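# A closer look at the structure
The primary structure of each chain is shown beneath.
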Amino acid sequence: MQKEKAQDIILDLKTRDCISHESRVFSDGGYVYIPLSGNCTPVVPGTEVVEIEPRLPLHQPLPQAIKGSYDRIGDIAIIKLKDQQRAADLGNAIIESGSGIRSAWLDSGIHGEYRTRQLKWLAGDIKTIAIHTENQTRFLLDISKVYFSPRLATERMRLARKVRDGEYIIDMFAGIGPFAIIIAKLRNVEITCIDSNPDAIKFMEESIKLNKLKGSITPMLGKAETIMPNLPKADRIIMNLPHQSMGFLDIAKASLKDDGTIHLYIIGSVSETEEKMEKIRIAGLAVTDKRIVHGYSPAESLVSISLRKTL
Ligand code: SAM
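The structure contained in this document is the topic of the report that follows. Keep in mind that what you see is a predicted model, and the values were worked out from it rather than measured.

Rules used throughout
Residues numbered from 1 in each chain as written. Predicted model: local features only at pLDDT ≥ 70, side-chain atom pairs only at ≥ 80, totals over all residues. Heavy atoms only, no water. Pairing = 2+ DSSP bridges. Helix = DSSP H or I, 4+ residues; strand = E, 2+ residues; numbered from the N terminus. Axes fitted to C-alpha atoms, helices over the stretch in contact; angles between N-to-C directions. Contact = heavy atoms within 4.5 Å. Buried < 20%, exposed > 50% of the residue type's maximum accessible area, 1.4 Å probe, protein only. Near = heavy atom within 4 Å. Polar contact = N/O pair within 3.5 Å; in protein donor to acceptor, adjacent residues only side chain to side chain. Areas by Shrake-Rupley, 256 points an atom, 1.4 Å probe, with all protein chains shown as cover. Nonpolar A, V, L, I, M, F, W, Y, C, P; charged D, E, K, R; others polar. Phe/Tyr/Trp six-rings, centres within 6.5 Å; stacked < 30°, edge-to-face > 60°. Lys NZ or Arg CZ within 6 Å of the ring centre and 35° of its normal. Core = buried A, V, L, I, M, F, W, Y, C linked by side-chain atoms within 4.5 Å. Right-handed = clockwise from strand over helix to strand, strands pointing away. Lys, Arg positive; Asp, Glu negative; His and termini not counted. Salt bridge = Lys/Arg side-chain N within 4 Å of Asp/Glu carboxyl O.

Read across the open sheet, the four strands follow the order 3-4-5-6; overall the sheet is mixed. One side of each edge strand has no neighbouring strand; the edge strands of this open sheet are strand 3 (70-73) and strand 6 (116-124). Averaged over all neighbouring strand pairs, the angle between strand axes comes to 30°, with direction disregarded. Relative to strand 4 (residues 76-79), strand 3 runs antiparallel, the two sharing four bridges. Across the sheet, residue Ile73 finds its bridge partner in strand 4, namely Ile76. Along the sheet, helix 2 (residues 84-96) contacts strand 3, strand 4, strand 5 (103-111) and strand 6; its crossing angle with strand 6, the most-contacted strand, is approximately 65°.

Structural data, given as structure tokens:
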């Protein structure tokens with residue numbers, strides 16, 4: 001059909017549910033081609049039904065099965081699959097799906113002191129910097145230089161709601177500061193955020209600027225074990241360094257007020273977690289809450305534990 005008539009006809013076909021989603025509407029040489037579904041025909045004079053090669057939709061819907069098989073940080077997809085070809089196909093499908101993802105990366109594990117991802121580019125733009133929004137809070141980060149997990153969004157909000165105005169908090173392994181920034185957005189508190197990765201501190205400072213906070217955050221570059229003894233005692237201490245956090249319990253306890261709370265994150269199987277509970281008791285701390293945040297491997301989970309001093 002000719003272009004001038006196209007809008008009315010598309011509207012008519014849409015109201016009769018006659019447009020097929022397996023191809024797309026396109027124009028060529030002053031004519032508009034509309035893919036028809038079933039036995040529908042346009043009723044307007046000046047139109048005709050022709051058989052041509054379908055044009056694929058610009059945005060392919062993602063198959064249900066692959067939704068959730070990747071993590072999204074801003075407009076970047078992070079895929080954890082052993083089969084690189086499947087990962088690349090998934091990356092392309094995500095980008096084509098119209099989800100707003102512009103770049104896809106293969107993540108083959110978190111490593112080193114800074115807990116950064118081992119990444120390989122799969123599809124789309126070669127970009128590693130993104131602005132990620134979570135709980136109406138914005139974070140700027142480079143996925144290749146700092147740790148960040150979007151899977152902790154619910155846990156961060158859960159913890160933030162426990163905090164009361166006026167608290168002094170230390171985040172010992174703060175990364176780009178997602179726990180602290182969400183807490184300070186919700187509550188009028190003072191938080192010291194320590195991290196040994198200079199890039200984490202840089203992106204934390206940028207992320208603080210992106211949000212309107214009720215509380216204040218002081219970023220500190222360095223090792224928690226060196227900085228903590230020089231800080232005032234805290235009402236709350238956050239310890240999100242799951243593979244090593246147990247080794248820092250004594251340092252955290254020494255910096256905690258008598259009625260303060262430690263939020264400890266550990267990774268382990270059920271039996272390993274029980275072993276750690278025993279060590280926690282021996283260290284003079286009592287468990288006041290324990291919950292699984294998410295699965296980590298077939299046998300292990302990330303576990304969130306709240307602790308209080310007993311001695
Ligand atoms: N809490 C942040 C989050 O949830 O996104 C980051 C957690 S990440 C698992 C652990 C962070 O601890 C990394 O950013 C790493 O650079 C930092 N880190 C490792 N050892 C440290 C230490 N001894 N003192 C201070 N920071 C440390």
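Having seen the model, we can carry on.
Below, the discussion takes up helix 3 (residues 153-162). What sets the pattern is the α-helix's 3.6 residues per turn: residues three or four places apart point alike. Where burial is concerned, most of helix 3 is hidden: seven out of the ten residues are buried. Turning to helix 3, its buried residues number three or more, namely Ala153, Glu155, Arg156, Met157, Arg158, Leu159 and Ala160. Turning to helix 3, the residues buried within the fold contact strand 7 (129-134), helix 4 (178-186), strand 12 (234-239), strand 13 (256-268), strand 14 (285-295) and strand 15 (301-309).

On to the site of the ligand. Around the ligand lies a shell of 22 residues, among which Phe173, Asp195, Ala224, Glu225 and Asn240 are the nearest. The backbone of Ala224 places a nitrogen or oxygen atom 2.9 Å from a nitrogen atom of the ligand. A distance of 2.8 Å separates an oxygen atom of the ligand from a polar atom in the side chain of Asn240. Alone, the ligand offers 600 Å² of accessible surface; in the complex the protein occludes 97% of this. Mapped by element, the contributors of at least two residues to the shell around the ligand are helix 4 and helix 6 (224-227). Each residue belonging to the shell around the ligand can be placed in one class, and the counts come to eleven nonpolar, five polar and six charged.

Scanning all chains against the criterion turns up three aromatic pairs. With 5.7 Å between their ring centres and 45° between their planes, Phe139 and Phe148 make a pair best called tilted. For Phe148, a relative accessible area of 1% gives the class buried. Between Phe179 and Tyr265 the ring centres are 5.7 Å apart and the planes differ by 45°, which places this aromatic pair in the tilted class. Of this pair, Phe179 sits in helix 4 while Tyr265 is found in strand 13, placing the two residues 86 residues apart along the sequence. This pair shows no difference in class: Phe179 is buried, exactly as Tyr265 is. Arg156 extends its terminal NZ or CZ atom over the ring of Phe179, reaching a point 5.7 Å from the ring centre.

Right, let's get into the environment of Glu205. For Glu205, the position within the fold is in helix 5 (residues 198-209). Residues Glu205 and Pro219, 14 residues apart in the sequence, show an inter-C-alpha distance of 7.2 Å.

Moving on, we get to the nonpolar core. If you look at the biggest cluster of nonpolar residues, it comprises 37 residues, and the most contacted ones within it are Leu141, Ile183, Ile191 and Ile217. Elements represented by at least two residues in this core include exactly strand 4, strand 8 (137-142), helix 3, helix 4, strand 10 (190-195), helix 5 and strand 13. In terms of residue count, helix 4 provides more of this core than any other element does, six residues in total. If sequence neighbours within four positions are ignored, Ile191 has contacts with Ile169, Asp171, Ala180, Ile183, Ala184, Ser216, Ile217 and Thr218. Counting 28 residues, the second largest nonpolar core, distinct from the first, contains Tyr168, Ala234, Leu264 and Ala283.

Moving on to the pairing of strand 10. Most of strand 10 is tucked away: five of the six residues are buried. For strand 9 (residues 168-171) and strand 10, the ladder comprises four bridges, and the chain directions are parallel. Within strand 10, the position partnered with Ile170 by the bridge is Thr192. Note that the unit made of strand 9, helix 4 and strand 10 has a crossover that is right-handed.

On to the side chain of Lys276. Examined against the element boundaries, Lys276 turns out to sit in helix 8 (residues 270-282). No salt bridge is formed by the buried Lys276; the nearest opposite charge belongs to Glu272, separated by 5.3 Å. Residue contacts for Lys276: discarding those within four places in its chain leaves Met246, Ile266 and Ile267.

A few words on the pattern of salt bridges. The full count for this structure, using the stated rule, is 17 salt bridges. Its salt-bridge partner being Asp107, residue Arg117 comes within 2.7 Å of it at the nearest N-O pair. Of this pair, Arg117 sits in strand 6 while Asp107 sits in strand 5, placing them ten residues apart in sequence. Residue classification places Arg117 among the buried residues on the basis of a relative accessible area of 7%. Overlapping salt bridges bring together Asp75, Arg102, Asp125 and Lys127 as one network.

Geometric values such as these leave the question of function open.
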